[in-house]
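# A structural walkthrough
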Amino acid sequence: MKLTLTINNKPTTLDVESNMPLLWLIRDEVKLKGTKFGCGKAQCGACSLYVDGELIRSCSYPVQMANGKKITTIEGLSEDETHLHPVQQAWLDIQVPQCGYCQSGFMMAAAKLLAENPNPTVEDIKNGISNICRCGTHPRIIKVILLAAKLKNDGKH
């Protein structure tokens, strides 16, 4: 299947199998390795990215559904290469990761949450993000999302 889409603001045309999960197109065809494979069942969130601004789990999203759409991965989350997204900056400031494997998916989910709710409460975060971290960094993730909201609202990013 000939597929035309925009990945991180870059027009891209590829010839791929129509039933290939979007995750494998991103990782294997486009060579962007930030989006991770976790469970393969759209449950853990390690593969989270945006399709036309909506947060999706790319391990179960067929590429044929992405045709003509805008895809944003963790590599394209910031507006430019000189400034990190507030979520990325806060992640570094608080040093959230333990193993780090699930972190890109969490950052994508956190950025989406903040775009929809710029001042989330701890409860909003717990209810709004369903990603899983097997290392147990959830308390730091909540702290970092609150910091990212502050950075974003203070205009520091």
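Residues numbered from 1 in each chain as written. Predicted model: local features only at pLDDT ≥ 70, side-chain atom pairs only at ≥ 80, totals over all residues. Heavy atoms only, no water.

### With respect to the environment of Asp93
The test is simple: Think of it this way: any DSSP run of H or I at least four residues long counts as a helix, any run of E at least two long counts as a strand, and we number them from the N terminus. Only protein chains enter the area calculation, which uses a 1.4 Å probe; residues under 20% of their type maximum are buried, those over 50% are exposed, and those in between are partly exposed. Note on definitions: a residue-residue contact is assigned when non-hydrogen atoms from the two residues lie within 4.5 Å. Pairing of N or O atoms within 3.5 Å defines a polar contact, subject to two protein rules: one partner must be a possible hydrogen donor and the other a possible acceptor, and residues neighboring in sequence count only if both atoms are side-chain atoms.
In this fold, Asp93 is placed in helix α2 (residues 86-94). The class of Asp93 is partly exposed, set by a relative accessible area of 43%. If we ignore the near neighbours within four places in the chain, the residues touching Asp93 are Leu147 and Leu151. At 2.8 Å, the side chain of Asp93 forms a polar contact with the side chain of Gln89.

### Remarks on unusual backbone geometry
Phi at Asp52 is positive, roughly 50°, even though this residue is not glycine. If you trace the backbone, Asp52 turns up in the loop between β3 (48-51) and β4 (54-57). By relative accessible area, Asp52 is classed as partly exposed at 46%.

### Observations regarding helix α3 (residues 103-116)
We apply this condition: Residue count minus one, scaled by 1.5 Å, sets the expected span of a helix.
If you check α3, its first and last C-alpha atoms are 20 Å apart, about what 14 residues at 1.5 Å a residue would give, namely 20 Å. Along α3, twelve of the 14 residues are buried, which leaves the element largely enclosed by surrounding structure. Among the residues of α3, those classed as buried are Gln103, Ser104, Gly105, Phe106, Met107, Met108, Ala109, Ala110, Ala111, Lys112, Leu113 and Leu114. Elements in contact with the buried residues of α3: β3, β4, β5 (70-72), α2, α4 (122-128) and α5 (138-153).

### Quick look at the nonpolar core
Note the cut-off: Among buried residues, the Ala, Val, Leu, Ile, Met, Phe, Trp, Tyr and Cys ones that are joined through side-chain atoms within 4.5 Å form a nonpolar core.
The biggest cluster of nonpolar side chains holds 27 residues, and the ones touching the most others in it are Val87, Trp91, Phe106, Ile129, Val144 and Ile145. Among the secondary structure elements, those contributing two or more residues to this core are α2, α3 and α5. No other element matches the eight residues that α3 contributes to this core. Those residues in contact with Trp91, other than ones at most four positions away along the chain, are Val96, Pro97, Gln103, Phe106, Met107, Ala110, Ile141, Val144 and Ile145. Judged by nonpolar contacts, the second largest core, of 17 residues, contains Leu3, Val51, Ile56 and Val63.

### Some points on the sheet that holds strand β1 (residues 2-7)
Sheet strands associate in pairs through backbone hydrogen bonding, adopting either a parallel or an antiparallel arrangement. Worth spelling out the cut-off: DSSP-based pairing: two strands are paired if at least 2 bridges between them are found. All axes are obtained by fitting lines to C-alpha atoms, using only the stretch in contact for helices, and the reported angles, taken between N-to-C directions, cover 0 to 180 degrees.
Read from one edge to the other, the open sheet built from five strands follows the order β2-β1-β5-β3-β4, with strand pairing classed as mixed. Looking at the sheet topology across the chains shown, the edges are occupied by β2 (10-15) and β4. Taken over all neighbouring pairs, the strand axes of this sheet differ in orientation by 40° on average, direction set aside. Pairing geometry for β1 and β2, over six bridges, is antiparallel. For Ile7, the partnering residue across the bridge sits in β2 and is Lys10. Of the strands in this sheet, β1, β2, β3, β4 and β5 touch helix α1 (residues 22-29), which is tilted by about 75° from β1. Here α3 sits on the sheet and contacts β3, β4 and β5; the angle it forms with β3, its principal contact strand, is near 45°.

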